[in-house]
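For reference, the chains in residue letters:
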Amino acid sequence: MELLRLEKWHALRDEHYSIVEPWITPRLTRRARQEKHPVDDFLFEYYPISPKKLRNWHPGFGYALEATAQDFDELADARYEFVDGVISIDSTWFKDSQSTFDTIRNFLALTHSRPARSGCFGLHEWAMVLGQNDVRHEAWPLRLSQDEIRATINEQGLRCTHFDAFRFFTDEARPINPLQLTRIDQIDQEQPGCLHGNMDLYKYAQQLAPLLGSEIIRETFSLARDVRLVDMQVAPYDLLELGVAPIRVETPEGRAEFVKRQRDFAMRAGVLRERIISAIEVATPVSVD
């Protein structure tokens, strides 16, 4: 266990703050004004992981921090303990979380072992509004009519492999998907080309924050932000007022653009998935006693 002196880790923490503040501040400003943003608010609401949790800095497994009581109070994370002027991973949390570590590692390893599938064209958001007058992002109009949405789905089909997208499909859309997904299917069906599966790496990174450290958390969040933007660019909503230009997957050109982005995300996510798996494997055989 390496002890980081206060001045050193405060500098690392402050650097972390400077990177994440541009992601956090707009969210807090909108919330104070009771405004919503269907792209940038998603990661704070869907999982949900508060801006404070993103702002917290984590050194990662193998490090302890020379600290004051104020430092520990500001961290306010039950996964750490403060003993004799040192912050370190809480031994009870570490021991009690072994099954969680194993579950996440196994799930990510299985996902990583599968080929990335393309061809869904991001039509999950289309499937969430098919045949509906009320839509999930009610403040924003659809850029396509229901007939156009239905025609595209009928022509291209639905190929969703992610339960947490499928569960929001409308009654009309659900039977069109070849996989009638349930929660228990997720470990068998998750694959590295899925937009939402790759966004979920941020969720797992936050669950494992004391093991992984903030660098991986930032990288998974950055990936998730980029994925969410494309997710809504291919959606049937008109978000031009927010500066979100559509990727028109109802056209061959739009579908080609989506597949390119999807493959790029799969490569980025693959690297992060390997790093998370490796970090768990390094940490879990070691006792923190």
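Predicted, not measured: the structure shown is a model, and the values here were computed from it.

*Asks:* I'd like a description of the overall build of the protein chain, backed by residues and values.
*Replies:* A count of helices and strands for the protein chain gives 14 helices and four strands. Relative to its length of 289 residues, the protein chain is compact, with a C-alpha radius of gyration of 21 Å against a globular reference of 19 Å. With the principal axes as the frame, the protein chain shows a C-alpha extent of 65 × 40 × 30 Å. Per-residue burial for the protein chain yields a buried fraction of 51% across its 289 residues. By sequence separation, contacts in the protein chain at least 24 residues apart represent 69% of the contacts at least 6 residues apart. Summing over all exposed atoms, the protein chain offers an accessible surface of approximately 13800 Å²; the carbon and sulfur share of this is 51%.

*Asks:* Describe unusual backbone geometry, with residues and values.
*Replies:* Of note, the amide linkage connecting Tyr47 to Pro48 takes the cis form, showing an omega dihedral of -20°. Tracing the backbone through its elements, the reader meets Pro48 in the loop between helix H2 (42-45) and helix H3 (51-55). Of note in this structure, Ala76 is not a glycine but carries a positive phi near 45°. The topology assignment puts Ala76 in the loop between helix H4 (69-75) and strand S3 (80-83). At Phe121, a residue that is not glycine, the phi angle is positive and equals roughly 55°.

*Asks:* Before we move on, can you summarise the sheet that holds strand S4 (residues 86-89) with the specific residues and values?
*Replies:* Strand order in this open sheet of four strands is S1-S2-S4-S3, and the pairing throughout is mixed. The sheet terminates laterally at strand S1 (2-4) and S3, the two strands that pair on one side only. The mean inter-strand angle of the sheet, taken between neighbouring strand axes irrespective of direction, is 30°. Across two bridges, strand S2 (residues 63-66) lies against S4 in antiparallel orientation. Within the sheet, the bridge partner assigned to Leu65 lies in S4 and is Ile87.

*Asks:* Kindly report on the packing of aromatic side chains, identifying the contributing residues and their values.
*Replies:* Applying the stated criterion to the full structure yields 14 aromatic pairs. With a centroid separation of 6.5 Å and an interplanar angle of 65°, the aromatic rings of Tyr47 and Tyr202 are classed as edge-to-face. Of this pair, Tyr47 sits in the loop between H2 and H3 while Tyr202 sits in helix H11 (residues 195-207), placing them 155 residues apart in sequence. With relative accessibility at 15%, the residue Tyr47 sits in the buried group. What links up through ring pairs into an aromatic cluster is the set Trp23, Phe42, Phe44, Tyr46, Tyr47, Tyr202 and Phe221. The ring of Phe42 carries Arg228 above its face, with NZ or CZ at 3.8 Å from the centroid. Just above the ring of Phe121 sits the side chain of Arg255; from NZ or CZ to the centre is 5.9 Å.

*Asks:* Pulling in residues and values, what's your account of the packing of helix H13 (residues 214-233) against helix H14 (residues 252-283)?
*Replies:* Packing of H13 against H14 brings their axes to within 11 Å, and their N-to-C directions diverge by 160°. In terms of their interaxial angle, H13 and H14 are classed as roughly antiparallel. Classified by chirality, the crossing of H14 by H13 is left-handed. Side by side, H13 and H14 meet where Glu215, Ile216, Glu219, Thr220, Ser222, Leu223, Asp226, Val227, Val230 and Gln233 of the first sit next to Phe258, Arg261, Phe265, Arg268, Ala269, Leu272, Arg275 and Ile276 of the second. Counted by class, the contact of H13 with H14 contains nine nonpolar, three polar and six charged residues.

*Asks:* Give a description of the environment of Ser278 that names residues and reports values.
*Replies:* Along the polypeptide, Ser278 turns up in helix H14. Overall, Ser278 belongs to the partly exposed group, its relative accessible area being 37%. Taking the C-alpha atoms as reference points, Ser278 and Arg105, separated by 173 residues in sequence, lie 8.7 Å from one another.

*Asks:* Tell me about the side chain of Asp200, and name the residues and values.
*Replies:* Inspection of the secondary structure assignment puts Asp200 in helix H11. By relative accessible area, Asp200 is classed as buried at 1%. One polar contact links Asp200 to Tyr47, side chain to side chain, over a distance of 2.9 Å. Setting aside chain neighbours within four positions, we find Asp200 in contact with Tyr47, His162, Gln186 and Glu190.

*Asks:* How would you explain the side chain of Thr161 if you had to name every residue and give the values?
*Replies:* Relative to the elements of secondary structure, Thr161 occurs in the loop between helix H8 (146-156) and helix H9 (163-166). In this structure the side chain of Thr161 is engaged in a polar contact, spanning 3.2 Å, whose partner is the side chain of Gln191. Ignoring anything within four residues of it in the chain, the contact list for Thr161 reads Arg117, Leu179, Leu181, Gln189, Glu190, Gln191 and Cys194.

Criteria and cut-off values
Residues numbered from 1 in each chain as written. Predicted model: local features only at pLDDT ≥ 70, side-chain atom pairs only at ≥ 80, totals over all residues. Heavy atoms only, no water. Helix = DSSP H or I, 4+ residues; strand = E, 2+ residues; numbered from the N terminus. Rg over C-alpha atoms; globule rule 2.2 N^0.38 Å. Buried < 20%, exposed > 50% of the residue type's maximum accessible area, 1.4 Å probe, protein only. Contact = heavy atoms within 4.5 Å. Areas by Shrake-Rupley, 256 points an atom, 1.4 Å probe, with all protein chains shown as cover. Pairing = 2+ DSSP bridges. Axes fitted to C-alpha atoms, helices over the stretch in contact; angles between N-to-C directions. Phe/Tyr/Trp six-rings, centres within 6.5 Å; stacked < 30°, edge-to-face > 60°. Lys NZ or Arg CZ within 6 Å of the ring centre and 35° of its normal. Parallel < 35°, antiparallel > 145°, perpendicular 65-115°, else oblique. Left-handed = near helix turned anticlockwise from the far one by under 90°. Nonpolar A, V, L, I, M, F, W, Y, C, P; charged D, E, K, R; others polar. Polar contact = N/O pair within 3.5 Å; in protein donor to acceptor, adjacent residues only side chain to side chain.

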